[in-house]
Amino acid sequence: MSRASWHLRANALVGAWLVAAALLALAHRAVPAAPWLLVHLLLLGAVSTAILVWSQHFADTLLRRPAWGGRLGLTVRLAVHTVGALAVVIGVVGSTGWLVVAGAVLVAAAALAQVGIMVVQSRAALPSRFSHAVRYYVAAGLVLPVAVACGVLMARGHVSDVVHARLYVGHVALALLGWVGLTVLGTLVVLWPTVLHARIEPAQESAGRRALPVVLLGLVLVTAGAASGWRVLVGLGAVVVALGTAIGGSVMVAQARTSPPRTYAAWTLAAAVAWLVACTVAFGALVVAAPGWVAAADDLRVLVAPFAVGFAAQILVGSLSYLLPVVLGGGPATARRTAAELDREALLRVVLVNGGLVLFAAPVPSAVRVLASFVVLGALVAFLALAGRAVRAALRHEGVPVSATGSSRSGAAVVATGLLAMVVALGVAVDPAAAGIGSSTPTDPTVATGRTTTVAVRALDMRFSPSTVQVPVGDTLVLEVTNEDDDVHELVVETGAGSGRLSPGEQGTVDVGVVGGDLDGWCPVAGHRQMGMTLTIVATGAPTAAAEHAEHPEHTAGPDLMATPEPSFTPHEAAVAPAEPGSTTHRVTLTVSEVVREVAPGVTQRLWTFGGQAPGPVLRGRVGDRFEITLVNDGSLGHSIDFHAGALAPDDVMRTIQPGESLTYEFTATRSGIWMYHCSTMPMSLHIANGMFGAVIIDPPGLPDVDREYVLVQSELYLGAQGDVADAAKVVARTPDLVVFNGYANQYRDRPLEAEAGERVRFWVLDAGPYLSSAFHVVGGQFDTVYREGDWVLRDGGSTGTGGAQVLDLAPAQGGFVELTFPEPGTYAFVTHAMADAEAGALGRVLVTED
């Protein structure tokens, strides 16, 4: 097979990945995980395949020595990479963990194999002027497996939100700045001046040598920052990477001054490097400026399009626009023809791609962004059509140059600018309210009350909740919108007020203004309004005199969270029976169900539960007992379970199961204590906060009998709307509304636990979190026995027999027990001695009577 034929087939594989990405972009609404797929079809598929092909091509050329194995060896590496990339894509979409891991191993193996071959190739080659460019390829290949490992850990789950966010930051930096960025910088050392037909001065050559260690230092700093949790280090590393890139960029600018860019390849490569520098600086700034790691990962999503399209896609099509005519050959006349085909409407396409991308990233109405994305897609897809024409011309040996490759530069710029202006005008015309154009509801200033009504609105499951908001006429209405869905949303009101585009997890505020009549609101993202994302604002009658306050926080008064429950209220059973004698195997079915339960007087929440209760059932056994747990998911979304009482590989038994599925979780209790079990499906904090936790008690050997035993599980409640699930935004912000024992605020304050004077009472305490610590204390009592996290802190008064303790301190997921004897009748309060938490609902009483 000739070199041209081989390259044609290899780059056809690149084209196949690009076609798949383009088709997905058109149909992304109907495809699961479409945003992830779009990025990885482009980067893991097309760009990485091109890197393997062309880095080896340049290494062979610069070292003047063919690689071991030649084209056959590279074909094998391409096959391994392609199979691995497909496995990763299929595994992620199908939630098949082993397939993701297998694919990732293949992708990393292909890159490392190419690194090894280039190292051998470099050592055997004679010294050459630009051999240092090959070091960029070696460094990039060594970085990729680390980026892949971060991606696998994210895909496999079972990590906290913060760890997931740090992995995401590391994955993005190493994949884009490392694997792609290093390869691009090394290639541009020789490709850029070749495209410009510019001379490479000795000083410019040495700049390429200096840039590599600077970029590598920056990547090390970013990785160290993500690994250590120090976000400032990530920002510093990004600045260093940008400086290293600028060293190479300064050479590109100097060469462009002597030989100005005149082709599509040159303009596109220049634009791509500019996007790289801008995105790198923005990457560091967003991570440093964010309030935490989770917020940083969310904020970085605004850079996905600029990084993937502005940098990576333009580098790919720009490089191929120059390189394809070179490898296709066919003689000077044919090469000129193929180059001219790929240069058709060059400036028009460059302006449309980059101008459209600026519009897409700008805070413009969603309709404008949608239209801009189609313009960018069309301008990029034009390369595929032109590449097909160029290949056909080369195969036919067409040597007659095309008469014209496009309009003049000024004319192309005018046409492109006009098209982009039409995009803006059409987008505003489709949705004028989102652009702030429209008439506000007429209001008589004399009825303005001076009050503000603030309503929390959630975007979830293609709905706004609540879908109807009532506000007194004359009130100023403010809507606080939280996007809890997995898609981008926005809320606009017919007055023109809007939240702006909200990525998943983001919050925005809509200042509607003074309301004088009913109003409609909706999500302007294409198709979302039609799918039911609407909101109605109902203006109620004139306000009553009793409501004449300067400002009130909500549109309706909420219940008193500290009130006394109804007489019919029955508390959660806190008493626990001793471990069954002689029982060694415990077979339990835990059914996941969604139930609406009262969590404070007059406050209901839709809880995700194990066994229909929150906390879940208490399981109890002894060291050596076997537990066989069947988890059945009767909920409406995926759930899982993690038993801290069992030590075993989490890969299978802790996997997320979808509604209607079940799994069996078996473990042997080898260590004593009170252990937490909980749902480990992401976001884990929300699943725990919404009720998915419970306790397993494994008695310490020789545990003495006591008169009474109680189990108290402390947790936090982040109240959502009445009868709905926990407020995810409050969970992320760590701002609970209530801190409770056994799932209900102050329940044992009004329904006290019981004991008799002189009885020995054991309190098992577990802190389920998800965030706050516990400091369990009995007012008027002293503990003579404290058992914490698997060991005796104090036993029977200690060595002197007179020792005592006042608090059992527990971090989230820790547990233990305390024992005490109540000296006389009375009412003994128990609290967490973090008093603000006790005042928020973590308060109970023990009613002690005469023997």
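Residues numbered from 1 in each chain as written. Predicted model: local features only at pLDDT ≥ 70, side-chain atom pairs only at ≥ 80, totals over all residues. Heavy atoms only, no water.

1. Here's the deal with the overall build of the protein
Argument step 1. Counting its secondary structure elements, the protein contains 20 helices and 27 strands.
Argument step 2. By principal-axis analysis of the C-alpha atoms, the protein measures approximately 110 × 75 × 45 Å.
Argument step 3. Taking all 851 residues of the protein together, the buried fraction comes to 53%.
Argument step 4. In the protein, the proportion of contacts linking residues at least 24 apart, taken out of those at least 6 apart, comes to 76%.
Argument step 5. Each charge class in the protein was averaged separately, 51 positive and 66 negative side chains, and the resulting centres sit 22 Å apart. (Helix = DSSP H or I, 4+ residues; strand = E, 2+ residues; numbered from the N terminus. Buried < 20%, exposed > 50% of the residue type's maximum accessible area, 1.4 Å probe, protein only. Contact = heavy atoms within 4.5 Å. Lys, Arg positive; Asp, Glu negative; His and termini not counted. Charge placed at Lys NZ, Arg CZ, Asp CG, Glu CD.)

2. Observations regarding the packing of aromatic side chains
Argument step 1. Applying the stated criterion across every chain, the model contains 21 aromatic pairs.
Argument step 2. Seen from their ring centres, Phe 822 and Tyr 828 are 4.7 Å apart, and the 55° between their planes marks the pair as tilted.
Argument step 3. Judged by its relative accessible area of 8%, Tyr 828 is buried.
Argument step 4. Across the ring face of Tyr 168, the terminal group of Arg 301 is positioned such that the distance to the ring centre comes to 5.0 Å. (Phe/Tyr/Trp six-rings, centres within 6.5 Å; stacked < 30°, edge-to-face > 60°. Lys NZ or Arg CZ within 6 Å of the ring centre and 35° of its normal.)

3. Observations concerning the sheet that holds strand β1 (residues 452-460)
Argument step 1. What the four strands build is an open sheet, ordered β2-β1-β4-β6; its pairing is mixed. Only two strands of the sheet have a single partner each, and these edge strands are β2 (463-465) and β6 (507-514). Here the strands of the sheet are splayed against their neighbours by 25° on average, with no regard to which way each runs.
Argument step 2. Summarising the sheet, strand β4 (residues 476-483) and β6 pair through seven bridges and their orientation is antiparallel. Opposite Thr 476, over in β6, you have Val 514 as the bridge partner. (Pairing = 2+ DSSP bridges. Axes fitted to C-alpha atoms, helices over the stretch in contact; angles between N-to-C directions.)

4. Some thoughts on the packing of helix α11 (residues 304-328) against helix α12 (residues 332-342)
Argument step 1. Running from N to C, α11 and α12 cross one another at 160°; their axes reach a closest spacing of 8 Å. Our classification of the angle between α11 and α12 gives roughly antiparallel. Here α11 runs over α12; the crossing is right-handed. Contacts between α11 and α12 involve Leu 320, Ser 321, Leu 324 and Pro 325 on the former and, on the latter, Ala 335, Thr 338, Ala 339 and Leu 342. (Parallel < 35°, antiparallel > 145°, perpendicular 65-115°, else oblique. Left-handed = near helix turned anticlockwise from the far one by under 90°.)

5. Remarks on the sheet that holds strand β14 (residues 662-668)
Argument step 1. Taken together, four strands build an open sheet; the order of strands is β10-β9-β12-β14 and the sheet is mixed. Looking along the sheet, the strands with just one partner apiece sit at the ends: β10 (603-610) and β14. On average, each strand axis in the sheet is tilted by 25° relative to the strand beside it, whichever way the strands run.
Argument step 2. By the bridge criterion, seven bridges tie strand β12 (residues 626-633) to β14 in an arrangement that is antiparallel. Bridging across to β14, Leu 631 finds its partner in Leu 663.

6. A closer look at helix α7 (residues 202-228)
Argument step 1. With 27 residues, α7 should reach 39 Å at 1.5 Å per residue; the first-to-last C-alpha distance of 40 Å fits that figure.
Argument step 2. Phi turns positive one or two residues past the end of α7, at Gly 229, with a value near 85°. (Expected span 1.5 Å × (residues − 1).)

7. A look at unusual backbone geometry
Leave glycine aside and you will find that most residues have negative phi; peptide bonds, for their part, are mostly trans.
Argument step 1. The step from Ser 465 to Pro 466 runs through a cis peptide bond, and the omega angle for that step is 0°.
Argument step 2. Among the structural elements, Pro 466 can be located in the loop between β2 and β3 (468-472).
Argument step 3. Positive phi is not limited to glycine here, since Glu 345 has a value of about 45°.
Argument step 4. Among the secondary structure elements, Glu 345 is positioned in the loop between α12 and α13 (346-361).

8. A word on the nonpolar core
Argument step 1. If you look at the biggest cluster of nonpolar residues, it comprises 140 residues, and the most contacted ones within it are Leu 182, Phe 283, Phe 307 and Phe 311.
Argument step 2. Considering each element in turn, this core owes the most residues, 22 residues, to helix α6 (residues 161-196).
Argument step 3. With residues up to four places along the chain from it excluded, the contact list for Phe 311 reads Leu 176, Val 180, Gly 181, Val 184, Ala 272, Trp 275, Leu 276 and Pro 306.
Argument step 4. Counting residues in hydrophobic clusters, the runner-up holds 30 residues, among them Phe 643, Ala 645, Cys 679 and Met 692. (Core = buried A, V, L, I, M, F, W, Y, C linked by side-chain atoms within 4.5 Å.)

9. Section: α11
Argument step 1. Taking 1.5 Å as the rise per residue, α11 with 25 residues should run 36 Å; its terminal C-alpha atoms sit 33 Å apart, in good agreement.
Argument step 2. At Ser 321, α11 is bent by approximately 30°, the largest bend along its length, and proline Pro 325 sits one to four residues beyond.
Argument step 3. The buried fraction of α11 amounts to 22 of the 25 residues, a majority that puts the element mostly inside the structure.
Argument step 4. Downstream of α11 by one or two residues, Gly 329 has phi in the positive range, about 65°. (Bend = angle between axes of the 7 residues up to and from the residue.)

10. Some remarks on the packing of helix α9 (residues 264-289) against α13
Argument step 1. For the pair α9 and α13, interaxial distance at closest approach is 9 Å and the crossing angle is 20°. As judged from the angle between their axes, α9 and α13 are roughly parallel. Where α9 crosses over α13, the handedness of that crossing is right-handed. Between α9, through Tyr 264, Trp 267, Thr 268, Ala 271 and Trp 275, and α13, the contact on the second element is made entirely by Ala 346, Leu 347, Arg 349, Val 350, Asn 354, Leu 357 and Val 358.
Argument step 2. A class-by-class count of the residues in the contact of α9 with α13 yields nine nonpolar, two polar and one charged. (Nonpolar A, V, L, I, M, F, W, Y, C, P; charged D, E, K, R; others polar.)

11. Let's talk about the confidence of the model for the protein
Argument step 1. Of all residues in the protein, 92% attain a pLDDT of 70 or more, and the chain-wide mean is 87.
Argument step 2. Contacts of residues 402-407 to residues separated by more than four positions or lying in other chains number 12 contacts, the stretch itself having pLDDT below 50.
Argument step 3. Across residues 542-558 the pLDDT falls below 50, and counting only partners more than four positions away or on other chains, this stretch makes 27 contacts in the model. (pLDDT = per-residue confidence, 0-100.)

12. A word on the pairing of strand β17 (residues 708-717)
Argument step 1. In terms of residue burial, β17 counts as a mostly covered element, since nine of its 10 residues are buried.
Argument step 2. Bridging between β17 and strand β20 (residues 760-769) involves eight bridges; their strand directions are parallel. Bridge assignment links Val 713 to a residue of β20, and that residue is Leu 766.
Argument step 3. Bridging between β17 and strand β18 (residues 738-741) involves four bridges; their strand directions are antiparallel. Pairing of Ser 715 across the sheet is with Val 740, part of β18.

13. A few points about empty space enclosed by the protein
Argument step 1. Under the defined criterion, the tally for this structure stands at five cavities of 30 Å³ or more.
Argument step 2. Of the volumes computed, that of the largest cavity is approximately 220 Å³.
Argument step 3. What lines the largest cavity is a set of 19 residues, and nearest its centre among them are Ile 51, Trp 54, Val 184, Ile 315 and Ser 319.
Argument step 4. Among the secondary structure elements, those contributing two or more residues to the lining of the largest cavity are α2 (34-63), α6 and α11.
Argument step 5. Each residue belonging to the lining of the largest cavity can be placed in one class, and the counts come to 15 nonpolar, four polar and no charged.
Argument step 6. Of the pockets and cavities examined, the second largest cavity occupies roughly 190 Å³.
Argument step 7. As for the second largest cavity, its lining consists of 20 residues, and the residues nearest its centre are Leu 185, Leu 188, Val 189, Gly 248 and Val 251.
Argument step 8. For the lining of the second largest cavity, the elements supplying multiple residues, two or more each, are α6, α7 and α8 (231-258).
Argument step 9. Looking at which element gives the most residues to the lining of the second largest cavity, the answer is α8, with seven residues.
Argument step 10. The residue inventory of the lining of the second largest cavity, partitioned by class, reads 12 nonpolar, seven polar and one charged. (1 Å grid on protein atoms, 1.4 Å probe; cavity = no way out; pocket = protein on both sides within 12 Å on 5 of 7 lines; lining within 4 Å. Points joined across faces, edges and corners; volume = space filled by probe spheres on them.)

14. Quick notes on a nonpolar patch on the surface
Argument step 1. A grouping of Val 19, Leu 23, Leu 26 and Phe 374 is seen on the molecular surface, where their side chains present a nonpolar patch of about 380 Å² in accessible area.
Argument step 2. Here the element with the most residues in the nonpolar patch is helix α1 (residues 3-26); it accounts for three residues.
Argument step 3. What makes Phe 374 partly exposed here is its relative accessible area of 42%. (Patch = residues over 30% accessible without salt bridge, like charges linked within 9 Å, V, L, I, M, F, W, Y side chains within 5 Å. Areas by Shrake-Rupley, 256 points an atom, 1.4 Å probe, with all protein chains shown as cover. Salt bridge = Lys/Arg side-chain N within 4 Å of Asp/Glu carboxyl O.)

15. Let's talk about the environment of Cys 679
Argument step 1. For Cys 679, the location among the structural elements is in the loop between β15 (673-678) and α17 (684-689).
Argument step 2. Using a relative accessible area of 0% as the deciding quantity, one classes Cys 679 as buried.
Argument step 3. It is 4.4 Å that separates the C-alpha atoms of Cys 679 and Ile 641, two residues lying 38 residues apart in sequence.
Argument step 4. Contact partners of Cys 679, with chain neighbours within four places excluded, come to Phe 610, His 639, Ser 640, Ile 641, Met 684, His 687, Ile 688 and Met 692.

16. Some details on the pattern of salt bridges
Argument step 1. In total, this model carries 25 salt bridges according to the counting rule given.
Argument step 2. Residue Glu 341 is joined to Arg 389 by a salt bridge in which the shortest nitrogen-to-oxygen separation is 2.9 Å. Taken as a pair, Glu 341 in helix α12 and Arg 389 in helix α14 (residues 366-395) lie far apart in primary sequence, 48 residues in all.
Argument step 3. The class of Glu 341 is buried, set by a relative accessible area of 1%.
Argument step 4. A relative accessible area of 32% means that Arg 389 is categorised as partly exposed.
Argument step 5. Here the salt bridges share partners, and the residues they tie into one network are Arg 620, Asp 699, Glu 709, Arg 760, Arg 762, Asp 784, Asp 796 and Glu 819.

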